[in-house]
Amino acid sequence: MTRKSGDASRSTIRDVAARAGVSASTVSRVLGGVYPVSAATRARVMRAVRDLDYVADARAKAVAGVGTPTLAFVLEDITGPSFAHMAYGVEREATRLGHLCLVCGTEGDVGHELEFVEMMRAQRAAAVILVGGTADTAEYRERTRRMADSLASAGSRLVLCGRPPLGPGAPVTVIEYDNEGGAYTLVAHVLSQGHRRVLFLGGRPDHTTAQGRARGYLAAHRARGLEPDPELLLHGDFTRDSGHRLMQQALKRGLEFTAVVAATDMVAAGALTALHEAGLTVPGDVSLAGYDDIPFARDLHPALTTVHVPYEELGRLAVRTALERAPDAPDEHLLLGTHVVVRDSVGPAPS
């Protein structure tokens with residue numbers, strides 16, 4: 001009797017083998033397509049597969065060394081525009097090289113991240129790419145080092161994109177962009193327009209990406225003999241709502257500033273709305289700059305001055321580098337450049 005797909009029990013490879021009158025290993029050879037099998041045997045096996053509505057288990061295929069090679073892309077927020085462009089680069093490069101790309105959004109859940117990485121190790125994924133900043137703690141380094149060693153033991157490779165390196169000897173590839181340097185150059189551009197009180201709308205204080213951009217903000221001031229007012233450094237997260245909320249708070253507190261540097265373009269978009277709601281013009285009353293250069297930055301009114309991060313190339317490079325390295329090769333650290341894109345949202349400081 002043909003098994004229906006809605007039945008509670010699922011067919012196994014042994015069920016298929018029994019129906020076709022062959023061994024389970026012969027069924028694996030037919031489904032994997034990597035060993036020669038007679039046409040008659042193949043026909044019997046495929047007929048049994050259809051009759052039993054059999055779906056091959058991905059982990060079993062991975063253990064057998066057959067099936068489409070897989071790459072995994074793991075990030076905290078799958079809706080973030082910058083991460084979406086990195087994911088696009090990963091997916092395009094993986095497809096070009098004949099690999100399937102799986103995406104996992106963790107929403108900051110470390111346990112979920114560990115479970116997904118372990119599943120990818122069991123499936124012998126070619127590489128696992130972890131994306132985005134984090135809190136650089138001893139616990140993070142120990143946990144991630146265990147991930148790297150575990151993946152390497154299964155012939156896989158851990159790639160960290162925009163995450164802190166683990167120290168010498170770890171079988172991991174680290175790919176970063178000049179986060180601090182981008183912020184330094186952006187703030188230097190704002191200061192060159194005569195601004196001296198620059199409000200910084202940053203991210204979480206313990207987040208490595210936020211820390212790098214805050215360091216660039218401070219370094220650009222100090223290089224000109226300036227010490228920014230600590231009250232002008234506000235902390236939130238990298239979202240539009242955070243930018244809107246922080247800007248409203250700054251205006252309500254009566255903070256004095258002539259320019260705003262936001263930690264991301266999304267934060268800048270929220271800040272721009274709050275400035276407009278308060279009846280202030282950009283850049284006439286207040287200049288505004290962002291970070292990331294996501295596509296809609298050029299469509300804001302005015303178009304946003306920002307830092308361009310090569311997110312798509314980061315994704316492509318993560319795939320190429322991971323597949324070219326031996327799984328147990330020592331750590332490798334690559335750094336991509338950033339640059340300021342000058343548009344209309346930054347102007348001279350009001351006299």
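The coordinates are above.
A quick note: this is a predicted structure, and the numbers were derived from the prediction, not measured.

Asker: Report on the overall build of the chain, specifying residues and quantitative values.
Answerer: Counting secondary structure elements, the chain contains twelve helices and twelve strands. In summary, the chain has a C-alpha radius of gyration of 26 Å against a globular reference of 20 Å for 351 residues, an excess of more than 25%. Here the C-alpha coordinates of the chain stretch approximately 90 × 45 × 30 Å along the principal axes. By residue count, 47% of the 351 residues in the chain fall in the buried class. As presented, the chain carries roughly 16,200 Å² of accessible surface, and 52% of it is formed by carbon and sulfur atoms. Looking at the chain, you have 38 positive and 41 negative side-chain charges, and the mean spots of the two groups are 9 Å apart.

Asker: Could you give an account of empty space enclosed by the protein, naming the residues involved and the relevant values?
Answerer: Going through the model one piece at a time under the given rule, you end up with one cavity of 30 Å³ or more. In this structure, the largest cavity occupies an estimated 30 Å³ of space. Around the largest cavity sit Ala183, Val187, Phe200, Arg213, Val261, Ala262, Ala263 and Tyr291, which together line it. For the lining of the largest cavity, the secondary-structure elements that each account for two or more residues are helix 8 (179-192) and strand 8 (259-262). By residue class, the composition of the lining of the largest cavity is seven nonpolar, no polar and one charged.

Asker: I'd like a rundown of the packing of aromatic side chains, residues and numbers included.
Answerer: In total, this model carries two aromatic pairs according to the counting rule given. Ring geometry for tyrosine 177 versus tyrosine 311: centroids 5.9 Å apart, planes at 70 degrees, classification edge-to-face. Of this pair, tyrosine 177 sits in strand 5 (residues 172-177) while tyrosine 311 sits in helix 12 (residues 311-324), and the two are 134 residues apart along the sequence. Geometry around phenylalanine 238 places arginine 213 over its ring, the cationic atom sitting 5.7 Å from the centre. Here arginine 213 stacks its cationic end above the ring of tyrosine 291, 3.8 Å away from the centre of that ring.

Asker: Give a description of the environment of valine 128 that names residues and reports values.
Answerer: When you line up the elements, valine 128 lands in strand 3 (residues 127-131). Residue class for valine 128 comes out buried when judged on its relative accessible area of 0%. When the C-alpha positions of valine 128 and alanine 219 are compared, they lie 34 Å apart, and in sequence the two are 91 residues distant. Contacts of valine 128, omitting those with residues within four sequence positions, involve Ala72, Val74, Val117, Met120, Leu151, Ser156, Arg157, Leu158 and Val159.

Asker: Report on the nonpolar core, specifying residues and quantitative values.
Answerer: Ranked by size, the top nonpolar core spans 64 residues in total, and within it Phe73, Ile129, Leu199, Leu201, Met247 and Phe257 carry the most contacts. In this structure leucine 199 touches Leu232, Leu234, Met247, Ala250, Leu255, Phe257, Ala259, Val260 and Val261, once residues within four positions along its chain are discounted. Counting residues in hydrophobic clusters, the runner-up holds 19 residues, among them Val117, Met120, Tyr140 and Ala170.

Conventions and cut-offs
Residues numbered from 1 in each chain as written. Predicted model: local features only at pLDDT ≥ 70, side-chain atom pairs only at ≥ 80, totals over all residues. Heavy atoms only, no water. Helix = DSSP H or I, 4+ residues; strand = E, 2+ residues; numbered from the N terminus. Rg over C-alpha atoms; globule rule 2.2 N^0.38 Å. Buried < 20%, exposed > 50% of the residue type's maximum accessible area, 1.4 Å probe, protein only. Areas by Shrake-Rupley, 256 points an atom, 1.4 Å probe, with all protein chains shown as cover. Lys, Arg positive; Asp, Glu negative; His and termini not counted. Charge placed at Lys NZ, Arg CZ, Asp CG, Glu CD. 1 Å grid on protein atoms, 1.4 Å probe; cavity = no way out; pocket = protein on both sides within 12 Å on 5 of 7 lines; lining within 4 Å. Points joined across faces, edges and corners; volume = space filled by probe spheres on them. Nonpolar A, V, L, I, M, F, W, Y, C, P; charged D, E, K, R; others polar. Phe/Tyr/Trp six-rings, centres within 6.5 Å; stacked < 30°, edge-to-face > 60°. Lys NZ or Arg CZ within 6 Å of the ring centre and 35° of its normal. Contact = heavy atoms within 4.5 Å. Core = buried A, V, L, I, M, F, W, Y, C linked by side-chain atoms within 4.5 Å.

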